[in-house]
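# Summary of structural features
Below, each chain spelled out in residue letters.
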Amino acid sequence: MSVKLVLTLVLLANPAQLPAQNGITRLPGRVPAAALPAIDSMIAMAAAESLPTEPLVQKALEGGAKNIPADRLVNGVRKGLLQLRQARAIVSHAVPGQTPPEGHVAAVAAALARGLSGSIVERLITAAPDESPGPALHAAADLVAHRFDPDSAADLLVEAHNKGLRGVRLLDVATAADHELQRPGGRSPSEALAHVRAMLPNVPAPARRP
């Protein structure tokens, strides 16, 4: 059965997956032709599994814009599909009894792609099951990227949430920790986290452009 026929059957069975078709039609001419059949197939698989397809489309488009070779691009999209599957399993386990929201799955997949472990991701979701996990996961990934211990970073973000900080304010917590790490004289990562913890919930918001 051809990829196009599979996708057509998926869309007829579930019209909500129309964005997947729109994503596929955006790829020709923007990714290597040799990569299109495999990428189309993976997007169709994601649609059939009720996974968000836009992250795969974006990964393909970004790879095409960077002139990544077809085989590497296909492998990158395949890895993205595996991360989406893993993300849905994590969300389902962290928030049982409900269909995992696409936004949650996409945010978790992005966090996994940035190197957060499944256990850290699940812990942060469990701490705020009724809220979008994106800001907390982004903040955790920022902290880990700046070489803070993942468990200690998660501890700080959970405590910040428990003290009333939500959404982008969790990003302010990560920014504050990074600023403390860079202060003249030097602070260790554990000292920087301890200093920010002592500020909670009064972590300053950095100046943002209007």
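Below: a short report on this structure. It should be emphasised that the depicted structure is a prediction, and the values quoted were computed from it without experimental measurement. (Residues numbered from 1 in each chain as written. Predicted model: local features only at pLDDT ≥ 70, side-chain atom pairs only at ≥ 80, totals over all residues. Heavy atoms only, no water.)

### Looking at helix H3 (residues 36-48)
End to end, H3 covers 18 Å across 13 residues, agreeing with the expected 18 Å (1.5 Å per residue, within 8%). Turning to H3, its buried residues number three or more, namely Leu36, Ile39, Asp40, Met42, Ile43, Ala44, Ala46 and Ala47. Trailing H3 by a residue or two, Ser50 shows a phi angle of about 60°, which is positive. (Helix = DSSP H or I, 4+ residues; strand = E, 2+ residues; numbered from the N terminus. Expected span 1.5 Å × (residues − 1). Buried < 20%, exposed > 50% of the residue type's maximum accessible area, 1.4 Å probe, protein only.)

### Some points on the environment of Gln58
By secondary structure assignment, the location of Gln58 is in helix H4 (residues 54-65). Once the C-alpha coordinates of Gln58 and Val77 are considered, the two residues, 19 residues apart in sequence, prove to be 9.3 Å apart. Side-chain polar atoms of Gln58 contact the side chain of Glu54, separated by 2.6 Å. (Polar contact = N/O pair within 3.5 Å; in protein donor to acceptor, adjacent residues only side chain to side chain.)

### Some remarks on the nonpolar core
Leu27, Ile39, Val108, Val121 and Val173 are the most contacted members of the largest nonpolar core, which totals 58 residues. Ranked by the residues each element gives to this core, the list is headed by helix H5 (residues 70-94), at nine residues. (Core = buried A, V, L, I, M, F, W, Y, C linked by side-chain atoms within 4.5 Å.)

### A look at the pattern of salt bridges
The tally for this structure, following the rule as stated, stands at ten salt bridges. Glu49 is the partner of Arg85 in a salt bridge, and the nearest nitrogen-oxygen pair spans 2.7 Å. One end of the pair, Arg85, is in helix H5; the other, Glu49, is in the loop between H3 and H4, with 36 residues separating them in the sequence. Arg197 serves as the salt-bridge partner of Glu159, at 2.8 Å between the closest nitrogen and oxygen. Remark: Arg197 occurs in helix H11 (residues 189-199) and Glu159 occurs in helix H9 (residues 150-162); sequence separation between them is 38 residues. Take Glu159: its relative accessible area is 23%, and that puts it in the partly exposed class. Using a relative accessible area of 27% as the deciding quantity, one classes Arg197 as partly exposed. Salt bridges linked by common partners bring Glu159, Lys163 and Arg197 together as one network. (Salt bridge = Lys/Arg side-chain N within 4 Å of Asp/Glu carboxyl O.)

### Some words on the side chain of Gln83
In this fold, Gln83 is placed in helix H5. Note on Gln83: relative accessible area 11%, which makes it buried. Discounting residues that sit within four places of it in the chain, Gln83 has contacts with Ala109, Leu112 and Ala113. (Contact = heavy atoms within 4.5 Å.)

### Digging into helix H7 (residues 118-127)
Along H7, the residues classified as buried are Ile120, Val121, Leu124 and Ile125. When H7 is viewed along its axis, its buried side chains cluster within an angular range of 130° and face the same direction. Elements that come into contact with the buried residues of H7 comprise H5, helix H6 (102-113), helix H8 (134-145) and H9. (Arc of directions from axis to C-beta.)

### Some details on unusual backbone geometry
Omega for the bond connecting Leu200 with Pro201 falls within 30 degrees of zero, at 0°, which places this linkage in the cis form. In this structure, Pro201 sits in the segment after H11. One non-glycine residue, Arg147, adopts positive backbone phi at about 70°. For Arg147, the location among the structural elements is in the loop between H8 and H9. Assessed through its relative accessible area of 74%, Arg147 is described here as exposed.

### Quick look at the packing of H8 against H9
Across the interface, H8 lies against H9 with an axial gap of 9 Å and an inter-helix angle of 140°. With respect to H9, the axis of H8 lies oblique. Between H8 and H9 lies a crossing whose hand is right-handed. For the pair formed by H8 and H9, the contact residues are Ala136, Ala139, Ala140, Leu143 and Val144 on the first element and Pro150, Ala153 and Leu157 on the second. Per-class residue counts for the contact of H8 with H9 are eight nonpolar, no polar and no charged. (Axes fitted to C-alpha atoms, helices over the stretch in contact; angles between N-to-C directions. Parallel < 35°, antiparallel > 145°, perpendicular 65-115°, else oblique. Left-handed = near helix turned anticlockwise from the far one by under 90°. Nonpolar A, V, L, I, M, F, W, Y, C, P; charged D, E, K, R; others polar.)

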